[in-house]
Amino acid sequence: MPYFVDVILPLPLDKRFTYEVSEEEANFLKPGMRLAVPFGKSKIYTGIAANIHQTPPEVYEAKPIHQILDKVPLITSNQLKFWAWISSYYMCAEGDVLRAALPGAFLLESEGVIQLKNKEAFPNDDSLSDDEFVLLEALQRQSSLKIQEVMKVLDKKTVLPVINKLLEKDLVVLNQEIYEQYKPKKTRYIKLSGNFSKEAAMHELLDSLSRAPSQREIMLTYFSLTAKSRKPLKLKSLLKESKASPGTVKSLIDKGILEEFYQETDRVSFSGETTSKAIVFSEYQQKAFSEIEGHFKENKVCLLHGITSSGKTEIYIELLKEVLAGGKQALYLLPEIALTTQLIQRLQHYFGEKVLIYHSKYSVNERVEVYRKILEDPGSGHVIIGARSAVFLPFKNLGLVVVDEEHESSFKQYDPAPRYHARDAAVVLASFFNANLLLGSATPSLESYFNAQHHKYGLVELNRRYGDVLLPEIEIVDIKTKHKRKQMTGHFSDRLLEEIKTTLKEEEQVILFQNRRGFSPILECTTCGHSPQCPNCDVSLTYHSHNNQLRCHYCGYHIAMQQKCMACQSTEITTKGFGTEQIETELKALFPKNKIARMDQDTTRGKYAFDKIISAFENQEIDILVGTQMVTKGLDFRHVNLVGIMNADNLLNFPDFRAHERSFQLMLQVAGRAGRTKKRGKVLIQSYNPNHQIVQQVSTGDYFGMYKEQLEERYNYKYPPYYRIIRFTLRSRDFSTNNNAAEWLAKSLTNVFGDYVLGPEIPPIARIRNEYYKNILLKIPQQQSLEKTKTVTNKILSSFKSIGTFRSVRVVVNVDPI
Ligand code: ADP
Ligand code: ZN
Ligand code: ZN
């Protein structure tokens, strides 16, 4: 009797593929081992053995495998089970899950792979064609792309010329594993020259400087700073404390009194010092901690609703300690962007080398290393900090999962499949191991809070900031009136300017939040009303002042800024709306003496760019930081006393049923960056609608009020958490085929699900990269079986796929879209 193995291939196939193996191979093989198998005419793929059996496939003849690639399984049985769950719940191929689950290096195949030569260097946009730009951008996100994926990214078959151009320009490399170059950051330090280290010499030195008072002043500061700790002194600290100029320090160096030297400040790797000091909880933290443990005893997922700066992280650390002491593994999930050096160092402080980091910005090799460590050494108790894809690691004895900032929408993968939600998937993952799971947030998602209110999750509230620091005072500024009374300077109200001045005078820092990048999203001719649009997408082009370009944020298309209207040649052109760049420009004019920086997608492209801005801000090298929602993410800055929200309205007016919930979360999170130490912080919200209920709820920190009100709307309009949603997005280059296909699909779904089908409707952006979009929503009431719904839906989708005329239409299925 022949033997067979069912193989999961890294391709979007509906089914596993069956191959033939010899008896000897069958005896050796175990589920979870990798195999090299032939596929199609000439390709070879790395697949995963799922099960070994003796039933030949019915509709095709099984080909023999090429080779077994592992001696022991690389994928655990729990992982295989987890993949199957993701694939069925999120309605995607197991092959898609496989691709998301394993570091690319485990899946070498017969095709080429390209990577960026140097992640830091993003060349000047002007020298690149649109395709080159788009491809480079994609490579920055994904670290490596197969030729096939490049075809998808660029949406064309003939991609080799583009790749060749980039190879010529020495921007990418082909088929080569790059060991990402780690560039350590260097810090300038100051020390006393060896000649003066004796007590007597010190006095002599000070006497000799009696006629150079400012130099003497520096030396006195130096001695007082170094008296307390023997650590090397940062030049920056010396300058700050002595209020001296760099020139004075230089003359001391020239005289041979001080010496300067550089030391690497390692950003991620562990510095070697851990603390054995126990965390001393506040009374409120202690209470929250005990309540969490109580819920865990009852085997419940627990939601910790703790206001910003209430000391949630300390609670996580204490829980992690217990898990590690028991020799178990712990997973600490964070949104990609919040995964900063700041937090990593905080955890390393307690757990040293037991902290492992799994992050898409790390090289393939670094990720492979972490994967192997977790697989091969499960007993030594690691804390794995990672973004959403860390749920796919080969855990063997997981004891605890923490999902920090659980409300963050970036836990949901948007594109490509699997479109999974890491928080929800983590709940399933934890259940496989009987592990505890803690969700934490200052602004929980409605879904999680709903689950907690209905006793599906345990709920723990922590309403005090640590150290009795007060929550910031929130003031709403009505900019409609301010405009009328001419109390605006650019986009700044007189109130905001006043507060910025006060804060800067007190040598504290300011964060300004505006949820748009670029200078201005719309350029408009005042004569004829024309505004430049992207030729490939239905959006207007955003003006970027730093390179004087008009740019599409969806496809990368760009042209030079127009001095005349393209329609009527008029030179009367104005901008409408504003982004972070414009705020930065205005600030530089208003506060020429202060250091101003911007943090948005445009300024944080390289691997370390984000960390660089954050550490500069932390070291008070920046006075005012302007940014998009990047500035809202769980950061713990000590000197921010003022937060300004430039405009609350464009958040609130976003056409989405979650817009209000999101605005509340964003505003409260950014407000939470203010006044995290003794001094009470201040937040100013500028709005045209100061009476909007969300603005009011933010100003009083009324989470529960927001929750109740939004929940009622969700109930009335049949949205989550009362109804589940599956969204079908149809896209095609052919407008009418796409419409017909959408009509067909909506009708077929309506035949079964009736009124619970909405659409087809045109999404807010109807065309992207020359593809037309249509959406259909399927709402699933609580009492309706999810499984049956998905089975029926899958049947309809496979009939759809068999219709020849719809072949050019792609259907993207998104379960629980957010
Ligand atoms: P959250 O995560 O809730 O926003 P953090 O955990 O960042 O709050 O805590 C805010 C600040 O208070 C941090 O600087 C943290 O180090 C400090 N902190 C919190 N709890 C304690 C504690 N028990 N002992 C000492 N410092 C604490
Ligand atoms: Zn015009
Ligand atoms: Zn475009």
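The model shown is predicted, which means the values in this text are computed figures rather than measured ones.

## A short note on unusual backbone geometry
Omega for the peptide link from Pro720 to Pro721 comes to 5°, which places this bond in the cis form. Examined against the element boundaries, Pro721 turns out to sit in the loop between α24 (703–716) and β33 (723–732). The linkage connecting Gly759 with the following residue, Pro760, adopts the cis geometry, with an omega of 10°. Among the structural elements, Pro760 can be located in strand β34 (residues 757–761).

## Quick notes on the confidence of the model for the protein chain
Here the protein chain averages 89 in pLDDT, and 93% of its residues register 70 or above. Contacts from residues 177–184, a stretch scored under 50 in pLDDT, to residues over four places away or in other chains number 26 contacts. Throughout residues 265–269 the model reports pLDDT below 50, and contacts reaching past four residues in sequence, or to other chains, amount to 21 contacts.

## Examining the coordination of the zinc ion (ligand 2)
On the protein side, the zinc ion (ligand 2) has Cys525 (SG), Cys528 (SG), Cys565 (SG) and Cys568 (SG) as donor atoms, found 2.3 to 2.4 Å from it. For the zinc ion (ligand 2), the 4 donor atoms in the first shell make angles of 106 to 112° at the metal, a pattern classed as tetrahedral. Sequence positions of the residues that donate to the zinc ion (ligand 2) give the spacing C-x2-C-x36-C-x2-C.

## Observations concerning a negative patch on the surface
A cluster of acidic residues, Asp702, Glu709, Glu712 and Glu713, forms a negative patch at the surface. Take Asp702: it is sitting in the loop between α23 (693–700) and α24. Judged by relative accessible area, which is 31%, Asp702 ranks as partly exposed.

## Thoughts on the pattern of salt bridges
Using the criterion set out here, one finds 33 salt bridges in the structure. With a shortest N-O distance of 3.3 Å, Arg733 and Asp155 are connected by a salt bridge. Note that Arg733 is positioned in the loop between β33 and α25 (735–753) and Asp155 in the loop between α5 (147–154) and α6 (160–168), a separation of 578 residues in sequence. A relative accessible area of 33% places Asp155 in the partly exposed class. Note that Glu406 is salt-bridged to Arg423, the shortest N-O span being 2.9 Å.

## With respect to the site of ligand 1
Close to ligand 1 lie 17 residues; Val280, Gln285, Ser309, Arg346 and Asp636 are nearest. The separation between a nitrogen atom of ligand 1 and a polar main-chain atom of Val280 is 2.8 Å. In the model, an oxygen atom of ligand 1 is placed 3.1 Å from a nitrogen or oxygen of the Glu314 side chain. For ligand 1, whose free accessible area comes to 560 Å², the fraction covered by protein is 80%.

## Things to note about the coordination of the zinc ion (ligand 3)
When a metal carries six donors in an octahedron, the ideal angles between them are 90 or 180 degrees, while four donors in a tetrahedron ideally lie at 109.5 degrees. At this site the zinc ion (ligand 3) is bound by Cys534 (SG), Cys537 (SG), Cys552 (SG) and Cys555 (SG), with donor distances of 2.2 to 2.3 Å. Taken together, the 4 donor atoms surrounding the zinc ion (ligand 3) define angles of 102 to 114° at the centre, an arrangement classified as tetrahedral. The class for Cys534 is buried, based on a relative accessible area of 3%.

## Focus on the sheet that holds strand β27 (residues 558–560)
Strand order in the open sheet formed by 3 strands is β25-β26-β27, and the pairing between neighbours is antiparallel. Where the open sheet ends on each side, the last strands, each with one partner, are β25 (542–544) and β27. The average angle at which neighbouring strand axes cross in this sheet is 30°, direction not considered.

## Quick word on the environment of Leu166
Turning to its location among the elements, Leu166 is positioned in helix α6. A relative accessible area of 0% means that Leu166 is categorised as buried. Along the chain, Leu166 and Asn547 lie 381 residues apart, while their C-alpha atoms are 22 Å from each other. Those residues within four positions of Leu166 in sequence are excluded, and the remaining contacts are Glu132, Leu135, Leu136, Leu171 and Val172.

Scoring rules and cut-offs
- What you see as residue numbers is a count from 1 along each chain, following the sequence as written.
- Here every chain gets a letter starting at A, and every ligand a number starting at 1, in the order they are written.
- Local features are withheld for residues below a pLDDT of 70 in this predicted model, meaning they are given only at 70 or higher, and side-chain atom pairs are given and counted only at 80 or more; totals for whole chains, interfaces and linings count all residues.
- Heavy atoms throughout the structure, all of them, feed into the side-chain values; hydrogens and water do not.
- Secondary structure elements are taken from DSSP: a helix is a run of H or I of four residues or more, a strand is a run of E of two residues or more, and numbering for both begins at the N terminus.
- Every residue is assigned a pLDDT by the predictor, reflecting its confidence on a scale from 0 to 100.
- In what follows, residue pairs with any heavy atoms lying within 4.5 Å of each other are defined as contacts.
- For Na, K and Ca the donor cutoff is 3.2 Å, while for all other metals N, O and S atoms must lie within 2.8 Å; water is not among the atoms, so some sites may look incomplete.
- Four donors are marked tetrahedral only if all angles between them lie between 85 and 135 degrees, whereas four are marked square planar and six octahedral if opposite donors are more than 155 degrees apart and the other angles lie between 65 and 115; the remainder are marked irregular.
- Residues form patches when they are more than 30% accessible in relative terms and have no salt bridge. Like charges link within 9 Å. Nonpolar side chains (Val, Leu, Ile, Met, Phe, Trp, Tyr) link within 5 Å.
- Values of accessible area rely on a 1.4 Å probe in the Shrake-Rupley scheme; residue burial ignores everything except the protein chains shown.
- For this analysis, a salt bridge means a side-chain nitrogen from Lys or Arg found within 4 Å of a carboxyl oxygen belonging to Asp or Glu.
- Note on charges: Lys and Arg go in the positive column, Asp and Glu in the negative column, and His and the chain ends are not counted at all.
- By convention, the charge on Lys lies at NZ, on Arg at CZ, on Asp at CG and on Glu at CD.
- Residue exposure (1.4 Å probe, protein chains only): buried if accessible area is under 20% of the type maximum, exposed if over 50%, otherwise partly exposed.
- A single heavy atom is enough: if one lies within 4 Å of a molecule or strand, its residue is considered near that molecule or strand.
- Two N or O atoms form a polar contact when they lie within 3.5 Å of each other; inside protein one atom must be a possible hydrogen donor and the other a possible acceptor, and for residues adjacent in sequence the pair counts only when both atoms belong to side chains.
- Think of it this way: DSSP has to see at least two bridges between two strands before they count as a pair.
- To get an axis, a line is fitted to the C-alpha atoms, and for a helix only the part in contact is used. The angle between two axes follows their N-to-C directions and goes from 0 to 180 degrees.

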